[in-house]
Amino acid sequence: MSSGGEILPPDGVSTPLAEYTLDRYEVVGREAFSELNGSFLAFVEYDDDAIIATDPARTWQCFYADTPDGRVFGTNPQRVLSAIPSTEVDTRGLLEYVHMGVVVDERTVFTRLKCIPFDGYITASGAGTLSRFVYDPADPDEFDYVDELASRLERAIKRRTIYPGRHGLLLSGGYDSRAIVAQHPDIDVCYTLGAPKHPEVKAARSIANQYGADHETLIVDENYLNVDEETIEYTLGTRESIHIHHAGCDDKIDVDTIFHGLFFDTFLRGHFLPRNVVNLFGNKFPLKGLESDPNVTEVLSSKFVYHPACDHVFPECYDEFDTSLGFIDDVIQEQLDKWSDRYDNVYNSISLIGIQNQPTLPFHFELSDNYIESFVAADAELIDWHLKTPPEKRNTKTMKQAIRKLDPNIFRHRPPDRPYHSHRKNQIEKFLRRKLPLIEPFSAPWPDLQAQYAENELDHKLFPGYPCIHKLPVRVKLRINDITTWMNAAVDNNVLTPNDVLCPPERLLTDS
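First, a word on scope: everything that follows refers to the structure included in this document. The shown structure was predicted, so the numbers you read here are calculated from the model rather than taken from an experiment. (Residues numbered from 1 in each chain as written. Predicted model: local features only at pLDDT ≥ 70, side-chain atom pairs only at ≥ 80, totals over all residues. Heavy atoms only, no water.)

**What to know about the environment of Phe33**
Here is step 1 of the chain: Assignment of secondary structure puts Phe33 in the loop between α1 (17-28) and β2 (37-46).
Here is step 2 of the chain: Residue Phe33 is classed as buried on the basis of its relative accessible area, which comes to 0%.
Here is step 3 of the chain: When neighbours within four sequence positions are excluded, Phe33 is seen to be in contact with Tyr25, Phe40, Ala42, Val44, Ile51, Ala53, Leu130 and Arg132. (Helix = DSSP H or I, 4+ residues; strand = E, 2+ residues; numbered from the N terminus. Buried < 20%, exposed > 50% of the residue type's maximum accessible area, 1.4 Å probe, protein only. Contact = heavy atoms within 4.5 Å.)

**Observations concerning the sheet that holds strand β4 (residues 63-67)**
Here is step 1 of the chain: A sheet is described by the order of its strands in space; here three strands give the open sequence β5-β4-β7, paired in antiparallel fashion. The open sheet is flanked by β5 (70-74) and β7 (114-115), the only strands paired with a single partner.
Here is step 2 of the chain: Sheet topology note: the β4/β5 ladder contains five bridges and is antiparallel. Residue pairing across strands places Phe63 opposite Gly74, the latter belonging to β5. (Pairing = 2+ DSSP bridges.)

**Some remarks on the side chain of Thr192**
Here is step 1 of the chain: Relative to the elements of secondary structure, Thr192 occurs in strand β11 (residues 189-193).
Here is step 2 of the chain: The class for Thr192 is buried, based on a relative accessible area of 2%.
Here is step 3 of the chain: A polar contact is formed between the side chain of Thr192 and the backbone oxygen of Leu171, at a distance of 2.7 Å.
Here is step 4 of the chain: A polar side-chain atom of Thr192 sits 2.8 Å from a polar atom in the side chain of His215.
Here is step 5 of the chain: Every residue in contact with Thr192, bar those within four places of it in the chain, is listed here: Leu171, Val201, Ala204, His215, Glu216, Thr217 and Leu218. (Polar contact = N/O pair within 3.5 Å; in protein donor to acceptor, adjacent residues only side chain to side chain.)

**A word on helix α4 (residues 145-159)**
Here is step 1 of the chain: Here α4 contains 15 residues, and its C-alpha end-to-end distance of 21 Å stays within 8% of the 21 Å for a straight helix at 1.5 Å per residue.
Here is step 2 of the chain: Looking only at α4, the buried set comprises Tyr145, Val146, Leu149, Ala150, Arg152, Leu153, Ala156, Ile157 and Arg159.
Here is step 3 of the chain: Structurally, the start of α4 carries an N-cap: the backbone nitrogen of Val146 is 3.2 Å from a side-chain oxygen of Asp144. (Expected span 1.5 Å × (residues − 1).)

**Quick word on the pairing of strand β8 (residues 120-123)**
Here is step 1 of the chain: What you see with β8 is no split at all: Gly120 and Ile122 on one side and Tyr121 and Thr123 on the other are buried throughout.
Here is step 2 of the chain: Bridging between strand β3 (residues 49-54) and β8 involves three bridges; their strand directions are antiparallel. From the neighbouring strand, Ile52 faces β8, where its bridge partner is Ile122.
Here is step 3 of the chain: Sheet topology note: the β8/strand β9 (residues 127-129) ladder contains three bridges and is antiparallel. Across the sheet, residue Gly120 finds its bridge partner in β9, namely Thr129.
Here is step 4 of the chain: What sits between β8 and β9 in their antiparallel hairpin is a turn of three residues.

**Looking at the pattern of salt bridges**
Here is step 1 of the chain: Counting across every chain of the model gives 24 salt bridges.
Here is step 2 of the chain: Across the pair Arg92 and Glu96 runs a salt bridge, and its minimum N-O distance is 4.0 Å. Taken together, the residues Arg92 and Glu96, both in helix α3 (residues 91-100) and four residues apart, mark about one turn of the helix.
Here is step 3 of the chain: Judged by its relative accessible area of 13%, Arg92 is buried.
Here is step 4 of the chain: In this structure, the salt-bridge partner of Glu240 is Arg475, at a minimum N-O distance of 3.0 Å. Of this pair, Glu240 sits in the loop between α7 (229-232) and β13 (257-259) while Arg475 is found in helix α19 (residues 474-490), placing the two residues 235 residues apart along the sequence. Arg475 carries the same exposure label as Glu240, and that label is buried.
Here is step 5 of the chain: Through salt bridges with shared partners, a single network forms among Glu6, Asp11, Arg155, Arg159, Arg160, Asp379 and Glu381. (Salt bridge = Lys/Arg side-chain N within 4 Å of Asp/Glu carboxyl O.)

**A closer look at a negative patch on the surface**
Here is step 1 of the chain: There is a patch of like negative charges on the surface, built from Glu19, Asp23, Glu26, Glu45, Asp47 and Asp48.
Here is step 2 of the chain: Summarising the element assignment, Glu45 is placed in strand β2. (Patch = residues over 30% accessible without salt bridge, like charges linked within 9 Å, V, L, I, M, F, W, Y side chains within 5 Å. Areas by Shrake-Rupley, 256 points an atom, 1.4 Å probe, with all protein chains shown as cover. Lys, Arg positive; Asp, Glu negative; His and termini not counted. Charge placed at Lys NZ, Arg CZ, Asp CG, Glu CD.)

**Topic: the nonpolar core**
Here is step 1 of the chain: The biggest cluster of nonpolar side chains holds 125 residues, and the ones touching the most others in it are Phe110, Phe133, Phe264, Phe267, Ile480, Trp486 and Met487.
Here is step 2 of the chain: Sort the elements by how many residues they give to this core and α19 lands first, with eight residues.
Here is step 3 of the chain: Formed by 13 residues, the second largest nonpolar core is a distinct cluster that contains Leu17, Ala32, Val44 and Ala53. (Core = buried A, V, L, I, M, F, W, Y, C linked by side-chain atoms within 4.5 Å.)

Next comes the structure, spelled out in structure tokens:
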């Protein structure tokens, strides 16, 4: 047995992990993968059986293709593609990438290149799914959501105190990553991306000092919008690169092991869930609970950052649908039907499709390639909490109550854009700060995306001779550059143009 990523044995097991997994596979078969913990790919070869499995949330990608010489697989899709004599571009996958920032499910932008299934495995000739990621709410009389989350967070972080060398944490001024520095006894230094005098950077510095860690600011510059091929490679051709916002600062991060709060909002605070709001004066104000009758396509397209501005070019490119949103609706409905046995209500269906196609994974891929990376939120107990806890309880309030149990003083320094314990009061203040003169509005610690794109003259650098693309939103233009750059690197020639990506021909072949 071999593995990649962060893979942990069950608690109390002292047998070497490879030996333990192989022994369990001999006894229980594929159920052995349900006993492993972490963010991983595991490969087992037993007798004539060879299988590679992902963790329950597929936080690691594995790609495969069938060739005349048999099936090839690997974590680097470009290497897998090199084994294929020629391949056809999957235009539907390409359109998914441009309009949603992700290629969903097992599809890629090449017809003969596939991803390992979500919560799944591949063999020499087949592919399938396991049953570890299935929503099954627990009895509330036997499962205290706050107590369970607190104890599971404590254990998840404790399991990850074994890593060598100097320990670093990517720390914001918000809720997620502070839980790690509060519980991990050996965080040496915390890093925050932004301007040194920004309120969130100051808050993060105070949090680090509170728990005895050094703090360093990763000052953002022109490298924040990193459009280099070396960075785009981490998108794996299935996600956009914008989430790798720390990539330009790797030379300033001096640690052996890196921690982060990625997916805390996804698994513990209901990032994909539609919150109940009321529209007043053209602004949204939060109410208690979840939206009573959510439109799944609208919710997910918003979370995946779909831009309606694409609609004016879409009808010219794809005759089957009138609008981009019509196309996205077709993609999402297909996924809802395929995975209907894994969710029990509309809210969990939204979470499931969002988690399966999480756009932020390149953040994790880049870190894991440069450091020993610990992915706390991928702990099996935290995923299990997510699956057992009803959607209305997966929120910031529940998480705050849980981490207060770990440390009553954890909110000594509040997030600067959330000065109150009340979510509603925080939203009202945000609104007033945006509208009232002479009052500074809340802002992110990193640069404005549109302003930096313009300052770097990226229209001129990336799309000379393509004025129709200049009119698109910045996020979409960056996606077009990402996938054009990645695909041309993958097939080792420059056969694709930005227009091909935005408006793919019905049949587009490349020679690899």
